[in-house]
Amino acid sequence: IAEEVGRSYGYNEIPTTPFKTSTQGGYSPEMVLEAKAGQLCRSLGFSEIITYSFVSPTIFDQIRIPADSNLRNTLKIQNPLGEDTSIMRTIALPSMLEILGRNNAYHNKSVNLYELAKIYLPRENDLPEEPKMLLLGSYGPNVNFFTLKGQLEAVFAGLRTEKTAYAADKTNPSYHPGRCAKVFVGGEEVGVMGQVHPAVAKNYGIDVEVYCCEVSFAKIMNHLLPEVTYTPLPKYQGTTRDLSILCDESVTVADVENVIEASAGKLLRNVKLFDIYRGTGVPEGQKSLAFSLELRADERTLTDADSEGVMTKVLSALAEKLNATLR
């Protein structure tokens with residue numbers, strides 16, 4: 001009717017007025033970060049998958065989730081198409097394993113997949129929490145724990161997160177007890193990574209070693225570094241000191257790096273592991289770890305006394321906290 005009135009009255013007789021309210025479109029910070037994460041994963045050779053959020057109740061048995069786990073507290077669909085799609089997933093690992101298993105059945109020798117997957121966690125008297133997870137899944141002749149760890153760290157570096165760390169996890173039932181680690185960003189646990197337990201892989205028809213990681217995208221959002229700022233190149237030359245220590249097999253490289261960084265002071269710019277040795281000359285039950293320490297001051301050239309002071313502090317802290325000795 002309005003169109004007919006306007007045509008009869010004359011559109012040129014109707015004054016032009018701007019919209020009283022308008023909203024400028026754009027991407028939210030979460031959407032920008034998700035797009036960047038996807039771009040980073042694809043640049044590392046991963047292909048994106050999109051899986052269903054409704055799954056079968058049997059997934060928990062397939063990935064060996066205990067009967068009393070909170071993950072089994074799910075939202076049930078009132079009118080499901082079938083038993084296989086009757087609940088909303090609280091964990092996205094089975095969806096990734098299903099696709100990896102299908103690729104293995106098609107005799108694809110090497111597969112790298114990623115997904116930004118929502119999970120649905122019930123809340124009392126409220127809508128469910130819907131956090132988004134970043135999953136990576138790989139298998140193939142050149143895939144192992146450390147390749148996946150390096151790829152995950154590349155994603156974190158591209159997203160510019162705070163410092164990442166890893167701690168061995170022998171209790172996760174879905175992963176190999178000797179090749180599984182909790183993932184920390186900025187001191188907060190954000191997920192898990194490692195080799196999928198052989199019994200779990202077998203449940204999905206996978207007869208090769210398969211590696212996955214699951215990290216919470218919402219938690220990563222809380223640990224992003226501020227905007228990039230320019231730092232002038234150093235005016236004064238630094239120095240590098242090598243440190244080789246003997247420690248117990250139970251001591252991890254991360255443990256040693258944390259002690260070095262905490263005790264070396266502000267002159268330490270970087271610490272890097274370059275050798276692990278077991279064998280002749282190393283006592284049984286111990287290993288030799290060799291690190292390279294980069295030292296530099298912004299306002300002056302370092303002296304030998306400066307370097308020796310740092311190394312003395314580091315060795316003293318390693319002996320006190322980790323019972324490590326200079327080799």
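Because the structure is a prediction, the values reported are computed rather than measured.

Visitor: Would you take a moment to explain the nonpolar core for this structure?
Guide: Core analysis: the largest hydrophobic core is formed by 31 residues, its most contacted members being Leu-97, Leu-100 and Cys-212. Counting only elements with at least two residues in this core, the list comes to helix 3 (59-62), helix 4 (93-105), strand 4 (111-118), strand 7 (132-139), strand 9 (175-185), strand 10 (188-196), helix 6 (198-203) and strand 11 (210-216). The greatest single-element share of this core, amounting to five residues, is contributed by helix 4. Ala-37, Leu-40, Met-193 and Tyr-211 belong to the second-largest nonpolar core, a separate cluster that totals 26 residues.

Visitor: Where do I start with unusual backbone geometry in this structure?
Guide: Most of the time, phi is negative for any residue but glycine, and the peptide bond is trans. Within the chain, Arg-160 stands out as a residue other than glycine whose phi angle is a positive 60°. Secondary-structure assignment places Arg-160 in the loop between helix 5 (145-159) and strand 8 (164-168). The backbone phi angle of Asn-323 is positive, close to 55°, even though this residue is not glycine. Among the residues examined, Asn-323 registers a relative accessible area of 54% and is labelled exposed.

Visitor: What exactly am I supposed to notice about the pairing of strand 8 here?
Guide: A regular strand places its side chains on the two faces of the sheet in alternate fashion. Strand direction decides the pairing type here: strand 8 and strand 9, joined by five bridges, are antiparallel. If you follow Ala-165 over to strand 9, its bridge partner there is Phe-184. In textbook terms, the turn of a hairpin is the stretch between consecutive antiparallel strands, and for strand 8 and strand 9 this stretch comprises six residues.

Visitor: Could you clarify how one ought to interpret the sheet that holds strand 10 in this entry?
Guide: Within a sheet, each strand pairs with its neighbour through backbone hydrogen bonds, oriented either parallel or antiparallel. The seven strands are arranged 1-4-7-11-10-9-8 in an open sheet whose pairing can be described as mixed. Lying at the two open borders of the sheet, with one neighbouring strand each, are strand 1 (47-48) and strand 8. Set on the sheet, helix 4 makes contact with strand 4, strand 7, strand 9, strand 10 and strand 11; between it and strand 7 the angle comes to about 25°. Strand contacts of helix 5: strand 7, strand 8, strand 9, strand 10 and strand 11, with the helix running at about 30° to strand 11, the strand carrying the most contacts.

Visitor: I tried to follow the sheet that holds strand 14 (residues 286-295) on my own but got confused; where do I start?
Guide: Taken in spatial order, the four strands line up as 13-14-12-15 in an open sheet, and their pairing is antiparallel. Either end of the sheet is taken by a strand with one partner, and the two such strands are strand 13 (268-277) and strand 15 (325-326). As paired strands, strand 12 (residues 239-248) and strand 14 are joined by ten bridges and run antiparallel to one another. Considered in strand 14, the bridge of Thr-239 is made with Leu-295. In this fold helix 8 (residues 253-264) packs onto strand 12, strand 13 and strand 14, with an angle of close to 150° to the strand it touches most, strand 13.

Visitor: Would you mind showing me how to read the packing of helix 8 against helix 9 (residues 304-322) here?
Guide: Any two packed helices are characterised by how steeply their axes cross, that is the angle between the axes, and by the distance between the axes. Interaxial distance between helix 8 and helix 9 falls to 9 Å at its minimum, and their mutual angle equals 135°. Considering their axes alone, helix 8 and helix 9 lie oblique with respect to each other. As for how helix 8 packs across helix 9, the hand of that crossing is right-handed. Residues Asp-255, Val-256, Val-259, Ile-260, Ser-263 and Ala-264 of helix 8 form the contact with helix 9, whose own contacting residues are Val-310, Lys-313, Val-314, Ala-317, Leu-318, Lys-321 and Leu-322. Residues that form the contact of helix 8 with helix 9 fall into these classes: nine nonpolar, one polar and three charged.

Procedures and definitions
- Residues numbered from 1 in each chain as written.
- Predicted model: local features only at pLDDT ≥ 70, side-chain atom pairs only at ≥ 80, totals over all residues.
- Heavy atoms only, no water.
- Core = buried A, V, L, I, M, F, W, Y, C linked by side-chain atoms within 4.5 Å.
- Buried < 20%, exposed > 50% of the residue type's maximum accessible area, 1.4 Å probe, protein only.
- Helix = DSSP H or I, 4+ residues; strand = E, 2+ residues; numbered from the N terminus.
- Pairing = 2+ DSSP bridges.
- Contact = heavy atoms within 4.5 Å.
- Axes fitted to C-alpha atoms, helices over the stretch in contact; angles between N-to-C directions.
- Parallel < 35°, antiparallel > 145°, perpendicular 65-115°, else oblique.
- Left-handed = near helix turned anticlockwise from the far one by under 90°.
- Nonpolar A, V, L, I, M, F, W, Y, C, P; charged D, E, K, R; others polar.

Read these as geometric descriptors, not functional statements.
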